[in-house]
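Report on the structure
Spelled out from the first residue to the last, the chains are:
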Amino acid sequence: MNIVVDLNRCQGYAQCAFVAPRVFTMHGEEALLYTPAVPDDQQERVLRAEAACPVQAIFVGEEAGAGAR
Ligand code: SF4
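Residues numbered from 1 in each chain as written. Predicted model: local features only at pLDDT ≥ 70, side-chain atom pairs only at ≥ 80, totals over all residues. Heavy atoms only, no water.

As a reminder, the rule being used: UniProt positions are given in the numbering used here, feature names are shortened, and annotations may be inferred rather than shown by experiment.
With an unreviewed UniProt entry as reference, the protein chain is termed Ferredoxin, source organism Streptomyces decoyicus. You can read under Cofactor (unreviewed entry) in the UniProt record for the protein chain the words "[3Fe-4S] cluster".

Below, the structure written as structure tokens:
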């Protein structure tokens, strides 16, 4: 599973970092760092983070990270 976060849309609410801290981490006040290739044991958390993001900035899919490889 791969993810892409639209960092233009992301407002740094950190909901994702709260739900899936091993995949999303906040760097300073607003900069989000994330792991595009989601480990198998984190997939459920990432789906919850996707649902929790107030601005729908997280995109999940097998192809989501294809362009970034
Ligand atoms: S929950 Fe959404 S807006 Fe908040 S830091 Fe994560 S991606 Fe950005």
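Continuing now.
With respect to the site of the ligand
Heads up, the condition is: A cutoff of 4 Å decides nearness: a residue is near a molecule or strand if any of its heavy atoms lies inside that distance of it. In this analysis the probe radius is 1.4 Å and the grid spacing 1 Å, with only protein atoms considered; a cavity is a set of points the probe fits into but cannot get out of, a pocket is an open set with protein on both sides within 12 Å along at least five of seven lines, and lining residues have an atom within 4 Å of a point. Cavities and pockets are treated as containing a molecule whenever more than half of the molecule's atoms lie within 2 Å of their grid points. Note that Gly is not counted as nonpolar here; it falls among the polar residues with everything else outside the nonpolar set of Ala, Val, Leu, Ile, Met, Phe, Trp, Tyr, Cys and Pro and the charged set of Asp, Glu, Lys and Arg.
Lining the immediate surroundings of the ligand are 13 residues, of which C10, Y13, A14, C16 and C53 lie closest. Using a 2 Å cut-off from the grid points, one finds that the ligand occupies the largest cavity. A per-class count over the shell around the ligand returns 10 nonpolar, three polar and no charged.

Topic: the side chain of Q42
Counted only if it meets this: A run of DSSP states H or I qualifies as a helix once it reaches four residues; a run of E qualifies as a strand once it reaches two. Both are numbered from the N-terminal end. Only protein chains enter the calculation, and the probe is 1.4 Å; a residue is then buried if its accessible area is under 20% of its type maximum, exposed if over 50%, and partly exposed in between. Residues are treated as being in contact if the distance between any of their heavy atoms lies within 4.5 Å.
Mapped onto the secondary structure, Q42 falls in the loop between strand 3 (31–34) and helix 2 (43–52). By relative accessible area, Q42 is classed as buried at 5%. Once residues lying within four places of it in the same chain are set aside, the contact partners of Q42 are R22 and V23.

Side note on unusual backbone geometry
Its identity is not glycine, yet A14 carries a phi of approximately 65°, on the positive side. Locating A14 in the fold gives a position in the loop between strand 1 (2–5) and helix 1 (15–19). Residue classification places A14 among the partly exposed residues on the basis of a relative accessible area of 26%. Notably, Q56 is not glycine yet its phi reads approximately 50°, a positive angle. With respect to the helices, strands and loops of the structure, Q56 is situated in the loop between helix 2 and strand 4 (58–61).

Thoughts on empty space enclosed by the protein
Note the threshold: Grid points are joined across faces, edges and corners, and a volume is the space filled by probe spheres set on the points.
As enumerated under the stated definition, the model contains one cavity of 30 Å³ or more in all. Estimated volume of the largest cavity: approximately 100 Å³. Looking at the largest cavity, it is lined by 15 residues, and the ones nearest its centre are C10, Y13, A14, C16 and C53. For the lining of the largest cavity, the per-class residue count stands at 12 nonpolar, three polar and no charged.

Remarks on the pattern of salt bridges
Worth spelling out the cut-off: Put simply, a salt bridge is a Lys or Arg side-chain nitrogen that is within 4 Å of an Asp or Glu carboxyl oxygen.
For the coordinates displayed, the defined rule picks out one salt bridge. Among the salt bridges present, the one from D41 reaches R22, with a minimum N-O distance of 3.5 Å. With D41 in the loop between strand 3 and helix 2 and R22 in the loop between helix 1 and strand 2 (24–27), this residue pair connects regions lying 19 residues apart in the sequence. Side by side, D41 and R22 carry an identical accessibility label, which is exposed.

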